[in-house]
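Coordinate inspection notes
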Amino acid sequence: MQTATHAEFLKLCRKIGWKCTSQRLAVYEFLQGNHAHPDVDTVWFAVRSALPAITRESVYRILNEFTEMGIIGRLDHIDNARYDSRVGAHGHFICGQCGEISDFDWPEGTVIPPEMLSRGVSHMEIRLVGICRRCAAATGGSAPPGDAASQANDSPNNQPR
């Protein structure tokens, strides 16, 4: 039986001109609604349960294909590339202790600085680094109320579906 996600992906593949392979579908299904910003190994381990023969290289290639087509976003310069199923305007809070990445809504009125427009900017990102509430609590501290860490960790956009 074909799921809604499978039907959606099949339609997407037809639009792009791709074959709807079981490998691409498995990666796509894993990423849908996944706001944990998984790295390639996390995706690979997850899809191997359904497709034991899939290689890490295949998953990496598929993730890069999805990135090139704008299906997912890629977060570089963290430690390893991480992938993001939320491609609309939003920012990221990164815990400097545990490395957890949380989404937060894009601040209203945020624009590319005019002096940067002539440089061919293709991507703008807001990335905040601090200590998440879990790590702060574990060390006896706390993230101040209303700070980015609290808001990012409480955001409904950060919850897995």
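Coordinates for the structure precede this section.
These lines cover the structure that appears in this document, whether it is placed above or below.

About the cut-offs
- Residues numbered from 1 in each chain as written.
- Predicted model: local features only at pLDDT ≥ 70, side-chain atom pairs only at ≥ 80, totals over all residues.
- Heavy atoms only, no water.
- Helix = DSSP H or I, 4+ residues; strand = E, 2+ residues; numbered from the N terminus.
- Expected span 1.5 Å × (residues − 1).
- Buried < 20%, exposed > 50% of the residue type's maximum accessible area, 1.4 Å probe, protein only.
- Contact = heavy atoms within 4.5 Å.
- Pairing = 2+ DSSP bridges.
- Axes fitted to C-alpha atoms, helices over the stretch in contact; angles between N-to-C directions.
- Arc of directions from axis to C-beta.

1. Quick notes on helix H4 (residues 56–68)
The end-to-end C-alpha separation of H4 is 18 Å, in line with the 18 Å expected for 13 residues at 1.5 Å each. Within the sequence span of H4, burial applies to Val59, Ile62, Leu63, Asn64, Glu65 and Phe66. Where H4 is buried, its residues touch helix H1 (4–16), helix H2 (22–31), helix H3 (40–48), strand S1 (73–75) and strand S2 (82–84). Following H4 by one or two positions, Gly70 has its phi on the positive side, about 80°.

2. Let's talk about the sheet that holds strand S5 (residues 127–130)
Ordered in space as S4-S3-S5, the three strands form an open sheet in which the pairing is mixed. Looking along the sheet, the strands with just one partner apiece sit at the ends: strand S4 (101–105) and S5. Along the sheet, successive strands turn relative to each other by an average axial angle of 25°, direction set aside. In terms of strand pairing, strand S3 (residues 90–95) meets S4 through five bridges, oriented antiparallel. Pairing of His90 across the sheet is with Asp105, part of S4.

3. Some details on H3
Quick reminder: α-helices carry 3.6 residues per turn. Residues three or four places apart thus point the same way. For H3, the full list of buried residues reads Val40, Val43, Trp44 and Val47. Buried residues of H3 fall within an arc of 100° about the axis and therefore sit on the same side. Looking at the buried positions of H3, the neighbouring elements they touch are H2, H4 and S2.

Keep in mind these values describe shape, not function.
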